[in-house]
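# Observations on the model geometry
Next come the chains, spelled out residue by residue.
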2 protein chains.
Amino acid sequence: MLLRTSDSRPRRTWPSTSTTWPRATIPRSRASMVDLGVLKTFLAVIDSGSVVAAARERGYSPAAVSRQIGWLQRRMGVRFFEPDGRSIRPTSDALEFAVRARELVDEVNRFERYSSRFGAARR
Amino acid sequence: MLLRTSDSRPRRTWPSTSTTWPRATIPRSRASMVDLGVLKTFLAVIDSGSVVAAARERGYSPAAVSRQIGWLQRRMGVRFFEPDGRSIRPTSDALEFAVRARELVDEVNRFERYSSRFGAARR
DNA sequence: AAGGCTTACGCAATTCGTAAGCATG
DNA sequence: CATGCTTACGAATTGCGTAAGCCTT
């Protein structure tokens, strides 16, 4: 399949003048060191002290929240939560990181409001 | 399928005590009003003045960049680029929005560096 | 047992690159 | 006719919810 053996027109693909494309299909999701959604979830867990509560707050299943936290921890190479009885307890690293993360999320929220207004103003 | 008609154990799924889950599979991608990757691409197009150049800079195909810009415009309800001969020209809205967007991206870059240091320090 | 956290599994949805079309110079 | 932008298409990957397991109270 996909042969299309005939049709030998020299149709230019892209780019004609330089190196061909480096990789074949880069999935983009969560590639950037920073995933805002995960950061928001992280803060929700910190604030509520529970995966279940954070899940409800963010509109996810607890499984999704658990996965997001796991992803963040692996990404950072740091342990952010430890099991504490039936619940979890944030590490001191988590609390420290949360301060900075909250600054960013606040900034993002401001930007989100700006964007909404910007769009609404000229429509 | 998925019936499992027998096996009538009252296996708790989740959550047992409250309303069932609101939606069935929310894809998260680009759901948050802000997509940092798209914002970076937008700025790259502004700075280079060309979709092709921005694509090269960002490591995407021109098609991908074109789609990302289209997505952003639809999202914002604003036209950011107009065809200008064989190239494109940013609207005044684009230039205005770019100022604010750049602030955010800069802030995110700072956070990215912080995160790297944070992770590296305790490993 | 019941409540809370985590992993396995299947699925839906997204986004990418390639291909192809259209317009401009 | 070469360059640049955009859309259609198929492929690949992700990230979700559900299901199920483990551990604590």
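Residues numbered from 1 in each chain as written. Chains lettered and ligands numbered in written order. Predicted model: local features only at pLDDT ≥ 70, side-chain atom pairs only at ≥ 80, totals over all residues. Heavy atoms only, no water.

- Under an unreviewed UniProt entry, the name given to chain A is LysR family transcriptional regulator, and the source organism is Microbacterium rhizomatis.
- The record held by UniProt for chain A lists under Sequence similarities (unreviewed entry) the comment "Belongs to the LysR transcriptional regulatory family." (UniProt positions renumbered as here; feature names shortened; annotations may be inferred.)

### Structural notes on empty space enclosed by the protein
- Throughout the structure, instances matching the rule amount to 2 cavities of 30 Å³ or more.
- In this structure, the largest cavity encloses a volume near 60 Å³.
- Looking at the lining of the largest cavity, the elements with two or more residues in it are helix H1 (36-48) and helix H3 (62-76) of chain A together with helix H4 (92-121) of chain B.
- The element best represented in the lining of the largest cavity is H3(A), accounting for 3 residues.
- Class assignment of the residues belonging to the lining of the largest cavity gives a composition of 9 nonpolar, 1 polar and 1 charged. (1 Å grid on protein atoms, 1.4 Å probe; cavity = no way out; pocket = protein on both sides within 12 Å on 5 of 7 lines; lining within 4 Å. Points joined across faces, edges and corners; volume = space filled by probe spheres on them. Helix = DSSP H or I, 4+ residues; strand = E, 2+ residues; numbered from the N terminus. Nonpolar A, V, L, I, M, F, W, Y, C, P; charged D, E, K, R; others polar.)

### Focus on the pairing of strand S1 (residues 81-84) of chain B
Residue and element names in this part refer to chain B.
- In terms of strand pairing, S1 meets strand S2 (residues 87-90) through 4 bridges, oriented antiparallel. The residue bridging Asp-84 from the neighbouring strand is Ser-87, located in S2.
- Taken together, S1 and the strand that follows it, S2, pair antiparallel across an intervening segment of 2 residues, in which Gly-85 is found at a positive phi of about 65°. (Pairing = 2+ DSSP bridges.)

### A closer look at the UniProt feature "domain: HTH lysR-type" (unreviewed entry) in chain A
- As recorded in UniProt, the sites labelled "domain: HTH lysR-type" (unreviewed entry) are residues 34-91 of chain A.
- Here residues 34-91 of chain A runs as 62% helix and 14% strand, with 20 Å between its end C-alpha atoms.

### With respect to the packing of H1(A) against helix H2 (residues 51-58) of chain A
Residue and element names in this part refer to chain A.
- Following both chains from N to C, one finds H1 and H2 inclined at 130°, their axes separated by 8 Å at the closest point. Taken together, the axes of H1 and H2 lie oblique to each other. H2 is crossed by H1, and the crossing has right-handed handedness. On H2, the residues touching Gly-37, Lys-40, Thr-41, Ala-44, Val-45 and Ser-48 of H1 are Ala-53, Ala-54, Glu-57 and Arg-58.
- Here the residues of the contact of H1 with H2 sort into 4 nonpolar, 3 polar and 3 charged. (Axes fitted to C-alpha atoms, helices over the stretch in contact; angles between N-to-C directions. Parallel < 35°, antiparallel > 145°, perpendicular 65-115°, else oblique. Left-handed = near helix turned anticlockwise from the far one by under 90°. Contact = heavy atoms within 4.5 Å.)

### Examining the pattern of salt bridges
- Counted according to the given criterion, the structure contains 18 salt bridges over all chains.
- Between A:Glu96 and B:Arg122 there is a salt bridge; the shortest N-O distance is 3.5 Å. Placement of A:Glu96 in helix H4 (residues 92-121) and of B:Arg122 in the segment after H4 is noted, with the two residues assigned to different chains.
- Notably, a salt bridge pairs A:Glu103 with A:Arg100, separated by 3.5 Å at the nearest N-O pair. One end of the pair is A:Glu103 and the other is A:Arg100, both in helix H4 and 3 residues apart, which spans about a single turn.
- Accessibility expressed as a relative area gives 45% for A:Glu103, which makes it partly exposed. (Salt bridge = Lys/Arg side-chain N within 4 Å of Asp/Glu carboxyl O. Buried < 20%, exposed > 50% of the residue type's maximum accessible area, 1.4 Å probe, protein only.)

### Notes on the packing of H4(A) against H4(B)
- Contact pair H4(A) / H4(B): the axes reach a minimum separation of 11 Å and the direction vectors enclose 170°. As far as their axial angle goes, H4(B) and H4(A) are roughly antiparallel.
- Looking at the contact of H4(A) with H4(B) residue by residue, the classes come out as 14 nonpolar, 2 polar and 10 charged.

### Examining H4(A)
- In this model H4(A) runs 44 Å from its N-terminal to its C-terminal C-alpha over 30 residues, within 8% of the 44 Å that 1.5 Å per residue would give.
- At A:Ala98, H4(A) is bent by approximately 25°, the largest bend along its length. (Expected span 1.5 Å × (residues − 1). Bend = angle between axes of the 7 residues up to and from the residue.)

### Describing the environment of B:Arg75
- Among the secondary structure elements, B:Arg75 is positioned in helix H3 (residues 62-76).
- Each C-alpha atom, one on B:Arg75 and one on B:Gly85, is 26 Å from the other, the two residues being 10 residues apart in sequence.

### Focus: the packing of aromatic side chains
Residue and element names in this part refer to chain A.
- Throughout the structure, instances matching the rule amount to 19 aromatic pairs over all chains.
- Consider the rings of Tyr-114 and Phe-118, whose centres lie 5.8 Å apart with planes at 40°: the pair is tilted. Taken together, the residues span about one helical turn, with Tyr-114 and Phe-118 both in helix H4 at a distance of 4 residues. Of the two residues, Tyr-114 and Phe-118, neither departs from the other in class, the shared state being buried. (Phe/Tyr/Trp six-rings, centres within 6.5 Å; stacked < 30°, edge-to-face > 60°.)

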